[in-house]
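# Remarks on the overall topology
These are the residues of each chain, in order.
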Amino acid sequence: METTIQVPRWTPTPSPTSSPRGPNVPRWAPSPSPPSSPKRAMKSESFESNPPSSQGGNQVPRWNPNEPNTSSPRGYMQNESFEPSSTKGTHLPKWNQSPSRPSSPKRQIRDENFDELEMGTHLPTWTQNLIPPSSPKGAMKNESLELSPPSSPRASHVPRWTPSPSPSRSPKGPSRNESFDDLERGSVASEEDMSSDMEKFFPFNSDSISTSTRPPLDSLLLEAPSLRNLPKVKTSSQKPDVEQPKQNKNNVTRNIDMDFTSKSNGVFLTWKDLWVTVPDQQSGRRPILQRLTGYAQPGEVLAIMGPSGCGKSTLLDALAGRLGSNTRQAGEILINGRKQRLAFGTSAYVTQDDTLMTTLTVREAVHYSAQLQLPGSMPTSAKKERAEMTICEMGLQDCIETRIGGWGKKGLSGGQKRRVSICIEILTRPKLLFLDEPTSGLDSAASYHVMDRIVKLAHREGITVIASIHQPSSEVFELFHNLCLLSSGKTVYFGPASMANEFFAKNGFPCPSLRNPSDHYLRTINKDFDLDIEEGLGGATSTEEAINILVRAYKSSETCQQVQGRVSEICQQKGGVLEKKGSQASFATQCLVLTKRSFVNMYRDLGYYWLRLAIYIALCLCVGTIFYDIGFSYGSIQARGSMLMFVAAFLTFMAIGGFPSFVEDMKIFGRERLNGHYGVGAFVIGNSLSSIPYLLMISLIPGAIAYYLVHLQKGFEHFVYFAILLFVCMMLVESLMMMVASIVPDFLMGIITGAGIQGVMMLCGGFFRLPNDLPNPFWKYPMYYIAFHKYANQGFYKNEFEGLTFPNNQVGGAPTITGEEILQNVWQVEMGYSKWIDLAILFGMVVLYRLMFLGIIKTVEKVKPMIRGLFAVPPEKSKQILEDPIDPQYA
Ligand SMILES: Nc1ncnc2c1ncn2[C@@H]1O[C@H](COP(=O)(O)OP(=O)(O)OP(=O)(O)O)[C@@H](O)[C@H]1O
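Quick summary incoming for the structure in this document. (Residues numbered from 1 in each chain as written. Predicted model: local features only at pLDDT ≥ 70, side-chain atom pairs only at ≥ 80, totals over all residues. Heavy atoms only, no water.)

## Section: the packing of helix α21 (residues 635–653) against helix α25 (residues 747–763)
To keep it simple, the criterion reads: For helices, the fitted line uses only the C-alpha atoms of the stretch in contact; every axis is such a line through C-alpha atoms, and the angle between N-to-C directions lies from 0 to 180 degrees. Under the DSSP-based scheme used, a helix requires at least four consecutive residues in state H or I and a strand at least two consecutive residues in state E, with every element numbered from the N terminus. Throughout, the term roughly parallel applies to angles under 35 degrees, roughly antiparallel to angles over 145, roughly perpendicular to angles from 65 to 115, and oblique to all others. When checking whether two residues touch, look at their non-hydrogen atoms; a contact exists if any pair is within 4.5 Å. As a working rule, the residues Ala, Val, Leu, Ile, Met, Phe, Trp, Tyr, Cys and Pro are called nonpolar, Asp, Glu, Lys and Arg charged, and the rest polar, with Gly in that last group.
Between α21 and α25, whose axes approach to 11 Å, the crossing angle comes to 170 degrees. Between α21 and α25, the angle is such that the two are roughly antiparallel. Residue-level contacts link M645, A649, T652 and F653 of α21 to A755, Q758 and M762 of α25. Taken together, the residues that form the contact of α21 with α25 break down as 5 nonpolar, 2 polar and no charged.

Written out as structure tokens, the structure is:
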């Protein structure tokens, strides 16, 4: 029987884009020995079936496609018997072990089974390297194999993670079989160019860079001209103008000038000896991050991984300048080698919780965001186009018309919301992108595609991406350039993601065959459940010990030194000052878009105004029927006063009902403000203008019901004044609540605070205690004059009583009493100015309160970093001040 080398159809990764981390250490190492020895082949198998011991971990052999294992039929037989029926179930497929194969009948059978198994999937480009270039049958076989039907139950043996050497880096690449070259020429060329481009600024090993092929959809979406107004990293079609450095695993001493030239607009972020502590009852302060050093650079994705609570989000917050006020930070964070302030438009941050406007559809949310952020010079159609493309990039086209939904009303799923949040932040292609758990809530395929898009975007646009991630699949893990692995705030590993496996293996914790590497790392260093780890040191090592071994090993490793060297290089270079990525839309556009968006939100959110309208109507019907046709008797003087007081105090007090919705708006504002979408001024104007129609509606409809049922003073102008005054009072209460929200962002606490403030104002507003009876100095001066109820009462009273005459029941008095006399003597109203002045004062208070809101936000923005700066500890002192007393050996 003629034996022909066959290439299995099985592909290591689900999509052609996911290939290529060269240096990933394969679980199985086929031929560390001279290829001619049959015994060697057996050796390699026995090595595979028994995971390396801790000592052996240092010597994880690498698969080498260039090392032919040509002459051992026995070797292949051994391989065969070993592989498919193995109870271990964790072996790599045989073909992976034997880059070049001699004639073997068994081989033929085996390969056919694999072909059956994998029919329908495309032959990965790298498998071509297994075919000896001299074999004329290789091409024929490959073609015929495409037709083999799938049936094998061996699917369960398909490994999840394989080394996937990149075709672009294979020395055998050029001799690939013709048919495949035709199929994949474009993508291979692209990969090669991308790879060479990346090599320039990757310090460790150019082999380890993810160089994925670009699917047609992606090129359609991401290469659109409208997406390219930011300076770009060289892409596949562009040749680097600087000669590439030689591929060198430990090459960190590259020309940094070149980095900054080719990425002049990119952001190099470095942190050195970074500590973050929080107050702790027992020990004063507790370290969350301990002496972290690292860097992130343009075009690359740094993944921060570690067990839950290890400090991933804290690291992101520290780097993004968003630490909580109770934290203290020490160490140095530099942007392009300079001390610069982040946040407020210099970077984009997708936080863990999705703060989105729940009433909007996906399309609306992204469109509004595009209009808010993209330059005014860009035509509206181009903005829309970019929004649509970004939605498609994140795979949201099917739910584009679905409302985001939230509390009480289900809309998008958690994973879909995540993607909307990412969409909004990548619209402008920010230079620095922080992603906190970008794949949480996503299935593995969605996670892969989302991360793949982000990696490609980062590469093409020169974006520096730092992402915290919980448990990436092996395919997602392969996409990352660098990995920062934390445990209890300490660095377990920082370096190329592709070399982490080697690091773990070297230090006695090799990743078992077929286990997802990220799973393995997390299992090894998660001490929350303090289980003995299964592998490494024979299962006798506690997690705590394992962490300590790894932390220590990392500190003394060459990788650590390289990282520190790289950080120093970047710091010395002093790159450009970070430009604000913030909105490029004009202030007028921002106001307009925010007004529109807010108006739509208020319209769709029942709790904002519609519920209030219903309750106001009900209340006004109550008032109208209780005080129905109030008349002009002497007793009606008191009744009018009470009814008007209820309107001024209680109807306006009800404006508090919209506070929860406003707090949600504030959260969105907070996120968008920090990411530089717009400023406080635009938000205040947008919110004020959008609420006017609703407040007018609430003032007019319920106001009319109350006014005309009670038969207050006749004359349309009196009703108009009544309605306007009610409207201004409601705006005023909303402004007051805005101020409260800026200080107390929790809605329950905010409502209590707001209600308390209004209660005090009501008390000293001149109704429950007449102005002249209010105790001096506090209640009369200044409280009576501060309380808006004073002006509201006076306005309503003047509007109602002026011009009326009542019978006088008082003994010895005049038969009648005028409205002016009542105002002066009964209600003790200041008569020196007209009711319109009261209205103007109230309107002035609305403006003042909103300005105060603006002032508070601005002040907090300015003062917070100053306070943080005061408490921050310079790097040289950080060690003495914040040294961890619990674990001094690692400090
Ligand atoms: N401002 C703070 N005040 C008090 N403790 C804090 C503060 N910020 C973070 N911590 C604590 O620091 C630890 C790390 O928190 P962090 O949110 O960074 O963890 P994480 O790794 O992102 O976790 P997860 O993956 O679950 O989101 C937690 O124990 C948390 O309670």
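## Some points on the packing of helix α22 (residues 659–674) against helix α23 (residues 680–710)
To keep it simple, the criterion reads: A crossing counts as left-handed when the near helix is turned anticlockwise from the far one by less than a right angle, and as right-handed when that turn is clockwise.
Contact pair α22 / α23: the axes reach a minimum separation of 11 Å and the direction vectors enclose 150 degrees. With respect to each other, α22 and α23 are oriented roughly antiparallel. Of the two possible hands of crossing, α22 and α23 adopt the one that is right-handed. Across the interface between the two elements, F662, D665, M666, F669 and R673 of α22 pack against V680, F683 and N687 of α23.

## Observations concerning the site of the ligand
Counted only if it meets this: Definition of nearness: a residue and a molecule or strand are near each other if at least one heavy atom of the residue lies within 4 Å of the molecule or strand. Between N or O atoms, a polar contact is any pair within 3.5 Å; within protein, one atom must be a potential hydrogen donor and the other a potential acceptor, and residues adjacent in sequence are included only when both atoms are from side chains. In these tables, accessible area is a Shrake-Rupley quantity obtained with a 1.4 Å probe, and a residue counts as shielded only by the protein chains included in the view.
Around the ligand sit 16 residues in total, of which S308, K312, S313, T314 and H470 are the nearest. Between the ligand and S308 there is a distance of 2.6 Å, counted from an oxygen atom to a side-chain nitrogen or oxygen. Here an oxygen atom of the ligand and a side-chain polar atom of H470 are 2.8 Å apart. Against a free-state accessible area of 640 Å², the protein chains account for coverage of 67% of the ligand. Of all elements in the fold, only β2 (284–296) and α9 (312–320) reach the threshold of two or more residues within the shell around the ligand. Residue contributions to the shell around the ligand peak at 3 residues, all from α9. Its residues placed into classes, the shell around the ligand shows 4 nonpolar, 9 polar and 3 charged.

## Looking at the pairing of β2
Stated precisely, the cut-off is as follows: Strands pair, by our definition, only if DSSP identifies at least two bridges between them.
Note: strand β1 (residues 269–280) against β2, 9 bridges, orientation antiparallel. Paired with D280 across the bridge in β2 is G284.

## Notes on helix α19 (residues 587–604)
Heads up, the condition is: Given the number of residues in a helix, its expected span is that number minus one, multiplied by 1.5 Å. Any residue under 20% of the maximum accessible area for its type is buried, any over 50% is exposed, and the rest in between are partly exposed; the area is computed with a 1.4 Å probe on protein chains only.
Between its first and last C-alpha, α19 extends 26 Å over 18 residues, near the 26 Å set by a 1.5 Å rise per residue. For α19, every residue scored as buried is listed here: Q590, C591, V593, L594, T595, R597, S598, V600, N601 and M602.

## Re the packing of aromatic side chains
The following threshold applies: Under the pairing criterion, centres of Phe, Tyr and Trp rings, with the six-membered ring standing for Trp, must be within 6.5 Å; the plane angle then separates stacked pairs below 30 degrees from edge-to-face pairs above 60, leaving the rest tilted.
Under the defined criterion, the tally for this structure stands at 37 aromatic pairs. Ring centres of W271 and F494 lie 6.1 Å apart, and the angle between their planes is 75 degrees; this geometry places the pair in the edge-to-face category. Linking W271 in strand β1 with F494 in strand β9 (residues 490–496), this pair joins segments that are 223 residues apart in sequence. Ring-pair connections join several aromatic residues into one group, and the members of that group are F477, F480, Y493, F503, F504, Y521 and Y554.

## Section: unusual backbone geometry
When glycine is set aside, most residues are seen to have a negative phi, and most peptide bonds are trans. A cis amide bond, omega -10 degrees, links N776 with the succeeding residue P777. Locating P777 in the fold gives a position in the loop between α25 and α26 (779–786). Cis peptide bonds are those with omega within 30 degrees of zero, and the linkage from Y781 to P782 qualifies with 10 degrees.

## Observations concerning the pattern of salt bridges
For the record, the criterion: For this analysis, a salt bridge means a side-chain nitrogen from Lys or Arg found within 4 Å of a carboxyl oxygen belonging to Asp or Glu.
Going through the model one piece at a time under the given rule, you end up with 17 salt bridges. Across the pair K456 and D452 runs a salt bridge, and its minimum N-O distance is 2.9 Å. Taken together, the residues K456 and D452, both in helix α13 (residues 444–461) and 4 residues apart, mark about one turn of the helix. No difference in accessibility class separates K456 from D452, as the two residues are buried. Here R597 makes a salt bridge to E672, at a shortest N to O gap of 2.7 Å. Residue R597 is located in helix α19, and its partner E672 is located in helix α22; the two are separated by 75 residues in the primary sequence. E672 shares its class with R597; the two are buried.

## Topic: the layout of surface pockets
Stated formally: Definitions used for this entry: grid spacing 1 Å over protein atoms alone; cavity, a set of points where a 1.4 Å probe fits but cannot get out; pocket, an open set with protein on both sides within 12 Å along at least 5 of 7 lines; lining residue, one with an atom within 4 Å of a point. Grid points are joined across faces, edges and corners, and a volume is the space filled by probe spheres set on the points.
Its volume calculated, the second largest pocket comes out at about 890 Å³. Lining the second largest pocket are 30 residues; nearest its centre among them are T358, G406, W407, D605 and E664. Secondary-structure elements contributing two or more residues to the lining of the second largest pocket are α19, α20 (606–626) and α22. Ranked by residue count, the leading element in the lining of the second largest pocket is α22, at 6 residues. Of the residues that constitute the lining of the second largest pocket, the class distribution is 8 nonpolar, 11 polar and 11 charged.

## Points about the nonpolar core
Short version of the rule: Grouping buried Ala, Val, Leu, Ile, Met, Phe, Trp, Tyr and Cys residues that are joined through side-chain atoms within 4.5 Å yields what is termed a nonpolar core.
If you look at the biggest cluster of nonpolar residues, it comprises 195 residues, and the most contacted ones within it are L269, W271, L315, L483 and L842. Broken down by element, the residue count for this core peaks at 19 residues, all from helix α24 (residues 716–743). Each residue touching L483, except ones within four places of it in the same chain, is listed here: L302, A303, M305, F477, Y493, F494, G495, P496, A497, A500 and Y521.

## What to know about α21
Here is the rule we go by: Throughout, the bend at a residue refers to the angle made by two axes, fitted to the seven residues ending there and to the seven starting there.
Relative to the 27 Å expected for 19 residues at 1.5 Å per residue, α21 spans 27 Å between its end C-alpha atoms, a close match to the ideal helical length. Along α21, the largest kink reaches about 30 degrees and is centred on V647.

## Points about empty space enclosed by the protein
Using the criterion set out here, one finds 10 cavities of 30 Å³ or more in the structure. Computed from the structure, the largest cavity encloses a volume of approximately 110 Å³. As for the largest cavity, its lining consists of 13 residues, of which Y608, Y609, G658, F662 and E734 are closest to the centre. At the level of elements, α20, α22 and α24 are the ones that each hand at least two residues to the lining of the largest cavity. Taken together, the residues of the lining of the largest cavity sort by class into 8 nonpolar, 2 polar and 3 charged. By volume, the second largest cavity amounts to about 90 Å³. If you trace the second largest cavity, you find it lined by M357, L594, R597, S598, D665, I668, F669, E672, Y678, F683, G686 and N687. Looking at the lining of the second largest cavity, the elements with two or more residues in it are α19, α22 and α23. It is α22 that contributes the most residues to the lining of the second largest cavity, 4 residues altogether.

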